Amino acid sequence: MFKINENYLKLPGSYLFSTIGRKVREYKAANPDKDVISLGIGDVTKPLAPSVIKALHDAVDEMGNPDTFKGYAPDLGYEFLRNAIRDNDYKARGVDIDIDEIFISDGAKSDSGNIGDIFSKDNKIAVCDPVYPVYVDTNAMAGRTGDYNLETEKWSNVIYMPCTKETGFAPEIPLENPDIIYLCFPNNPTGATITKDALQEWVDYALKIGACIIYDAAYEAYISEEDVPHSIYECEGAKACAIEIRSFSKNAGFTGTRLGFTVVPKELKKGNVMLRDLWARRHGTKFNGAPYIIQRAGEAVYSKEGKRETREQVAYYMENARIIRESLKEAGYTVYGGVNAPYIWLDTNGASSWEFFDTLLEKANVVGTPGSGFGPSGEGYFRLTAFGTRENTIEALERIKKI
Ligand SMILES: Cc1ncc(COP(=O)(O)O)c(C=O)c1O
């Protein structure tokens, strides 16, 4: 008789965005005349850049021609894309990454969930609180997190690193040493980021205690300040203790197109076992590659035109972020983030995060994300995203100012 993975039964409720989706559907069904604006889920609204579209069309034509047709992609991804990543994301920042350390995937969500496959169940993870829910939930599915306590909203075998206004929304080195540390900068959901010196402290700490950092840099393109590192490998020694995950979703609008990559340096070892080799084995066994046409589209992001066009998209969203920040301040809210990240994190002035969600939905017909959905320290906060259209962003903020 088959047995199920009972770890799934320990997961609390439904995934945050499913709950939001259900609430919004119910509200719309009861109020069909209302025009609801979503600044909730972190999905982009701008179409793909013209140079990306051209690359897609060209690649589709290649697929229709027997001389240029492509079947399965190479295990790690096409070299043209890995070369572009190495040169633009790393070499240009003084970081030496080999293309054999770059693994092309269908996005950062799957990579950040799947990376746990190469680690034993007996690892204790540390996460920021609040946190992008995928890290904790996927570790729970793997049986690494202990049991969930409904009252504290915490797992028994997870080290939570509170990121609150008292800590400047930065995690502090935990009292208990973890084996795996998840860090995400610029941060979802708080929009906070980290200086190079502060990140270096995490690298030094991980090296000292023999921990592995999983560094999610999905929002790297939104960094606007000088002393903020774009890659963890800008820090000394990081190649011996960190895996970096990147995405094409937010810098180039690939949320529906799907493309990302993970860097696992050869220096990252346990004894004489390279984690890179384990990830290569996993990748080759469980994943059959991102589509050729999408990898060509990804390559176009690094072309001169592609860079200019995608930078304009990021600038558009960051102008939305500025509008949200300034309007909320005018309305008397205390706001954080929105400078190096497309997320604005606001203090709900004493209301619970879900109360604030309901008020905003019912009174302003605006959807945001309750901070508590990202972890207990997110209670009393609320996340708005800058990924809406300019028109909707302005309209949403006018409505919020009125309540
Ligand atoms: C921190 C973080 N990592 C990863 C992802 C997922 O990226 P992708 O679309 O590449 O799966 C998101 C998406 O919102 C995110 O916020």
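Quick caveat: nothing in here was measured; it's all calculated off a predicted structure.

Thresholds applied
- Residues numbered from 1 in each chain as written.
- Predicted model: local features only at pLDDT ≥ 70, side-chain atom pairs only at ≥ 80, totals over all residues.
- Axes fitted to C-alpha atoms, helices over the stretch in contact; angles between N-to-C directions.
- Helix = DSSP H or I, 4+ residues; strand = E, 2+ residues; numbered from the N terminus.
- Parallel < 35°, antiparallel > 145°, perpendicular 65-115°, else oblique.
- Left-handed = near helix turned anticlockwise from the far one by under 90°.
- Contact = placed C-beta atoms within 7 Å.
- Nonpolar A, V, L, I, M, F, W, Y, C, P; charged D, E, K, R; others polar.
- Core = buried A, V, L, I, M, F, W, Y, C linked by C-beta atoms within 7 Å.
- Buried ≥ 20, exposed ≤ 12 C-beta atoms within 10 Å, placed from the backbone.
- Domains from an automatic or database assignment.

### Structural notes on the packing of helix H3 (residues 79–90) against helix H9 (residues 292–301)
- As a packed pair, H3 and H9 sit with axes 9 Å apart at the nearest point and diverge in direction by 25 degrees. With respect to H9, the axis of H3 lies roughly parallel. Once H3 is placed against H9, the crossing between them reads as left-handed. Where H3 approaches H9, its residues Phe80, Leu81 and Ala84 are matched on the opposing element by Gln295, Gly298 and Glu299.
- Of the residues in the contact of H3 with H9, the class split is 3 nonpolar, 2 polar and 1 charged.

### As for unusual backbone geometry
- Along the chain, Phe185 connects to Pro186 via a cis peptide bond; the corresponding omega equals -10 degrees.
- Following the sequence through the fold, Pro186 ends up in the loop between strand S7 (180–184) and helix H6 (196–209).
- Omega for the bond connecting Asn188 with Pro189 falls within 30 degrees of zero, at 15 degrees, which places this linkage in the cis form.
- Here Pro189 is to be found in the loop between S7 and H6.
- Positive phi, normally seen in glycine, also occurs at Glu153, with a value near 60 degrees.
- Here Glu153 shows up in the loop between strand S4 (148–149) and strand S5 (154–155).
- Its identity as a non-glycine residue notwithstanding, Arg258 has a phi of 75 degrees, on the positive side.
- Here Arg258 shows up in the loop between helix H7 (249–252) and strand S10 (260–263).

### Digging into the nonpolar core
- In terms of nonpolar packing, the biggest core is built from 111 residues, with Val127, Ile213 and Ile243 touching the most fellow members.
- Counting contributing residues, this core receives three or more from each of domain 1 (6–48 + 305–402) and domain 2 (53–303).
- Dropping the residues within four chain positions of it, Ile213 is found in contact with Ile181, Leu183, Trp202, Ala206, Ile232, Cys241 and Ala242.

### Some points on the packing of helix H2 (residues 50–63) against helix H10 (residues 304–330)
- Contact pair H2 / H10: the axes reach a minimum separation of 8 Å and the direction vectors enclose 130 degrees. Between H2 and H10, the interaxial angle falls into the category oblique. Residues Pro50, Ser51 and Val52 of H2 lie in contact with H10, whose contacting residues are Glu305, Gly306 and Glu309.
- Across the contact of H2 with H10, the residue classes break down as 2 nonpolar, 2 polar and 2 charged.

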